[in-house]
Amino acid sequence: MEPYWGRHSGFALLLCAAVGGGSLLGGGCEHRSHSGETDRERSAQGPTPTHVSWDADFGMSEQGRARAVLRARRMEQYQTSDSTYSVWRSMEDTARVRVYLFDERGDSSATVTADSLVFQDQKGVLDAYRNVVVTTEDNKRLESEHLTWHQANRTIRTRRFVRIRTPSEVVQGDGLVADEDLETYQIGRFSAEVDVNEDDDGEDEQS
């Protein structure tokens, strides 16, 4: 996995590089420091982001082709002893966090919208939370409250309730494993509604 707009060794280097590397484009970026705070104060406040960016725009590519683009009103980067992750938030009722996915040819594969995202860049795993909607180029639509995207094998998964609408059917159930473009999918404990062309049925009965 590599940045879509430039190459850097790690995601942490991208977050304030709107001018230098151009991998993260944003209207503002700030650095947070723990200096002057006690361990007890930091624990009470919860994790503190190492970087914050507004109107964030981050892209990835594979073998020179676009792979994914993340966009959000606010992005916060966090760093632990063994990993780095970022939290993307909408911050407004009218705005959504968006992820644009692309297939092996670099063509649009699907669009994911949600209230917030957590992206683990080292694992290539993205979790979308609340009011999650996936739409595809061939008019498929998925709705759930949580979804996990795996960059390596191009799949999306959830253990939560999920509903998929296509031009010909509506399928819903608990639990999902699917291609990111919803070309194939498996739903646990599902129910389905299939559209039937009544005119075709009438013709069959008369023949």
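Residues numbered from 1 in each chain as written. Predicted model: local features only at pLDDT ≥ 70, side-chain atom pairs only at ≥ 80, totals over all residues. Heavy atoms only, no water.

The next thing to look at is unusual backbone geometry. A positive phi angle is found at Asn131, which is not glycine, with a value near 50°. Backbone geometry at Leu182 places phi at a positive 60°, although glycine is not the residue there. Tracing the chain through its elements places Leu182 in the loop between β13 (169-179) and β14 (185-187). (Helix = DSSP H or I, 4+ residues; strand = E, 2+ residues; numbered from the N terminus.)

What follows is about the packing of aromatic side chains. Within the structure shown, the criterion is met by two aromatic pairs. Residues Phe58 and Phe119 carry aromatic rings whose centres are separated by 6.3 Å and whose planes lie at 45° to one another, so their mutual orientation is tilted. Here Phe58, found in strand β4 (residues 51-62), pairs with Phe119, found in strand β9 (residues 116-120); they are 61 residues apart in sequence, far enough to count as distant. The class for Phe58 is buried, based on a relative accessible area of 3%. (Phe/Tyr/Trp six-rings, centres within 6.5 Å; stacked < 30°, edge-to-face > 60°. Buried < 20%, exposed > 50% of the residue type's maximum accessible area, 1.4 Å probe, protein only.)

The subject of this paragraph is the environment of Gln186. Among the structural elements, Gln186 can be located in strand β14. On the basis of relative accessible area, Gln186 is assigned to the exposed category, the value being 60%. For the pair Gln186 and Leu176, spaced 10 residues apart in the sequence, the C-alpha separation amounts to 5.7 Å. Discounting residues that sit within four places of it in the chain, Gln186 has contacts with Gly175, Leu176 and Val177. (Contact = heavy atoms within 4.5 Å.)

Now for the pattern of salt bridges. The full count for this structure, using the stated rule, is 15 salt bridges. Among the ionic pairs, Glu62 bridges to Arg67, the shortest N-O distance being 3.6 Å. Its relative accessible area of 1% is what places Arg67 among the buried residues. Of the charged contacts, one joins Glu180 and Arg67 as a salt bridge, the two residues approaching to 3.0 Å between their closest N and O atoms. Pair noted here: Glu180 is in the loop between β13 and β14 and Arg67 is in strand β5 (residues 65-79), with a separation of 113 residues, a long-range link. No difference in accessibility class separates Glu180 from Arg67, as the two residues are buried. A cluster of three or more residues bridged by salt bridges with shared partners is formed by Glu62, Arg67, Glu104, Arg154 and Glu180. (Salt bridge = Lys/Arg side-chain N within 4 Å of Asp/Glu carboxyl O.)

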